[in-house]
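Residue-level structural notes
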Amino acid sequence: MIGVFDSGSGGLTVLEALHRALPDRDFLYFGDHARAPYGVRDAQEVDAFTREAVVSLINAGCRLIVLACNTAAAVALRPLQQTWLPYNAPDVRVLGVHVPLVEAITRCDWNTSVPIKRAEEKKRTVAVFATPRTVETGSFVTEITSRSPHITVLQQACPGLAGAIEAGASLQEIDSLVAGYVDELMSQEGAQEIDSAALACTHYPFAYDQFRTALPPHVDVLTQPLMVAAALEDYLRRRPECDQPGNGTLTLLTSGDPTRLNGIIKRLPPAFQNFKQINPGLAPV
């Protein structure tokens, strides 16, 4: 069984893509709606909440876990992989949703230890739209430029956008928020050179049309769900011992009130709307 964790419902965009790509796998999704959004919390809280969720998913039987929250992945993935899992759960693998996006932008494998120099590479500029906490970590800047120094990364924090999407805000409100953040991004020095814009929050695919409209036509808009699905397919081909085919079941859990999850989940198929309430330790409320 594969665990998928997000601070709220944004990770459902990833779960839907994963389920389509791997229909014979069993998935357990946990949305920490009661404590969302993570994007405005301090790093210590994000790290603690993410580790708590990972422990809970391990206890539920997951041996492969996807952090489908960019904030959680940016803050907690490396500490989990480097200092916690080896001593507490060495047979468990935790993957971050941001990894395939970095690989797509840089055209470098995540495990690349030194920058790859290509004679044909020319200088590029990419934009990253993300939550305030993700931007503050600087993780995308570090991970991209350490692999491809010829790429300049312009970041744009989008406070309130994930929360508005989560709550099912009107299209007019989302239009206004996205347009404002794109304007801020385009006012940065060098923004006219942008060739790609990464939507580095799993909530933001629900606002893809707004970003596409607000950004210049030549800018390629990158989203994560299909990238993550393709990457996980490849990962399982190379490491089949990490998870075995099951019955294609979907189990959806939330730390919040399922009756109040009437925002973005209503835009997904019925199979992705049937949540059961649990506490953060994955015990029934």
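Rules used throughout
Residues numbered from 1 in each chain as written. Predicted model: local features only at pLDDT ≥ 70, side-chain atom pairs only at ≥ 80, totals over all residues. Heavy atoms only, no water. 1 Å grid on protein atoms, 1.4 Å probe; cavity = no way out; pocket = protein on both sides within 12 Å on 5 of 7 lines; lining within 4 Å. Points joined across faces, edges and corners; volume = space filled by probe spheres on them. Helix = DSSP H or I, 4+ residues; strand = E, 2+ residues; numbered from the N terminus. Pairing = 2+ DSSP bridges. Axes fitted to C-alpha atoms, helices over the stretch in contact; angles between N-to-C directions. Nonpolar A, V, L, I, M, F, W, Y, C, P; charged D, E, K, R; others polar. Salt bridge = Lys/Arg side-chain N within 4 Å of Asp/Glu carboxyl O. Buried < 20%, exposed > 50% of the residue type's maximum accessible area, 1.4 Å probe, protein only. Contact = heavy atoms within 4.5 Å. Parallel < 35°, antiparallel > 145°, perpendicular 65-115°, else oblique. Left-handed = near helix turned anticlockwise from the far one by under 90°. Core = buried A, V, L, I, M, F, W, Y, C linked by side-chain atoms within 4.5 Å. Polar contact = N/O pair within 3.5 Å; in protein donor to acceptor, adjacent residues only side chain to side chain.

Examining the layout of surface pockets
Of the pockets and cavities examined, the largest pocket occupies roughly 590 Å³. If you go around the largest pocket, you meet 26 residues; those closest to its centre are Leu95, Val99, Trp110, Asn111 and Tyr235. At the level of secondary structure, the elements contributing two or more residues to the lining of the largest pocket comprise helix H3 (70-88), strand E4 (93-96), helix H4 (98-106) and helix H10 (225-238). Sort the elements by how many residues they give to the lining of the largest pocket and H10 lands first, with six residues.

Regarding the sheet that holds strand E5 (residues 124-130)
As summarised here, the arrangement of the four strands in space is E6-E5-E7-E8, forming an open sheet in which the pairing is parallel. Every interior strand has two partners, whereas the edge strands, strand E6 (151-157) and strand E8 (220-222), have only one. Neighbour-to-neighbour, the strand axes of this sheet turn through a mean angle of 25°, independent of strand direction. Bridge analysis of E5 against E6 gives seven bridges, and the strand direction is parallel. Directly across from Ala130, in E6, lies its bridge partner Ala157.

Points about empty space enclosed by the protein
Going through the model one piece at a time under the given rule, you end up with one cavity of 30 Å³ or more. Computed from the structure, the largest cavity encloses a volume of approximately 100 Å³. Lining the largest cavity are 15 residues; nearest its centre among them are Ser7, Cys69, Thr131, Cys201 and His203. Looking at the lining of the largest cavity, its residues break down into six nonpolar, eight polar and one charged.

Digging into the pattern of salt bridges
Applying the stated criterion across every chain, the model contains 15 salt bridges. Across the pair Arg133 and Glu136 runs a salt bridge, and its minimum N-O distance is 2.2 Å. Of this pair, Arg133 and Glu136 both sit in helix H5 (residues 132-137), three residues apart, which is roughly one turn of the helix. For Arg133, a relative accessible area of 12% puts it in the buried group. Here Arg260 makes a salt bridge to Asp257, at a shortest N to O gap of 3.7 Å. Overall, Arg260 belongs to the exposed group, its relative accessible area being 66%. Shared partners join several salt bridges into a network, and the residues in it are Asp24, Arg25 and Asp243.

Digging into unusual backbone geometry
Negative phi values dominate among residues other than glycine, just as trans dominates among peptide bonds. Cis geometry marks the peptide bond from Ala36 to Pro37, where omega comes out at 0°. Within the chain, Arg107 stands out as a residue other than glycine whose phi angle is a positive 60°. Mapped onto the fold, Arg107 is located in the loop between H4 and E5.

Describing the environment of Ala36
Inspection of the secondary structure puts Ala36 in the loop between strand E2 (27-31) and helix H2 (43-59). Under the relative-accessibility criterion, Ala36 is labelled partly exposed at 31%. A sequence separation of 28 residues divides Ala36 from Gly8, and the C-alpha atoms of the two residues are 5.9 Å apart.

Concerning the environment of Ile264
Summarising the element assignment, Ile264 is placed in the loop between strand E9 (250-254) and strand E10 (275-277). Among all residues touching Ile264, those that are not within four sequence positions of it are Ser9, Gly10, Ile165, Glu166, Gly168, His203 and Phe206.

Some words on the packing of H4 against helix H6 (residues 139-147)
Two elements in contact, H4 and H6, have axes separated by 10 Å at closest approach and are oriented at 40°. One finds that H4 runs oblique with respect to H6. In this structure, the crossing between H4 and H6 has a hand that is right-handed. In contact with His98, Leu101, Val102, Ile105 and Thr106 of H4, H6 contributes Phe140, Glu143, Ile144 and Arg147.

Considering the nonpolar core
With 53 residues, the main nonpolar core has Phe129, Leu161, Tyr204, Phe211 and Leu232 as its most contacted residues. Among the elements that take part in this core, helix H8 (residues 171-186) stands out by supplying six residues, more than any other.

Comments concerning the side chain of Arg133
At 2.3 Å, the side chain of Arg133 and the backbone oxygen of Arg41 are in polar contact. Sequence-distant contacts of Arg133, defined by excluding residues within four places in its chain, comprise Tyr38, Gly39, Val40, Arg41, Asp42, Ala43, Thr71 and Val75.

The values are spatial; any link to function lies outside them.
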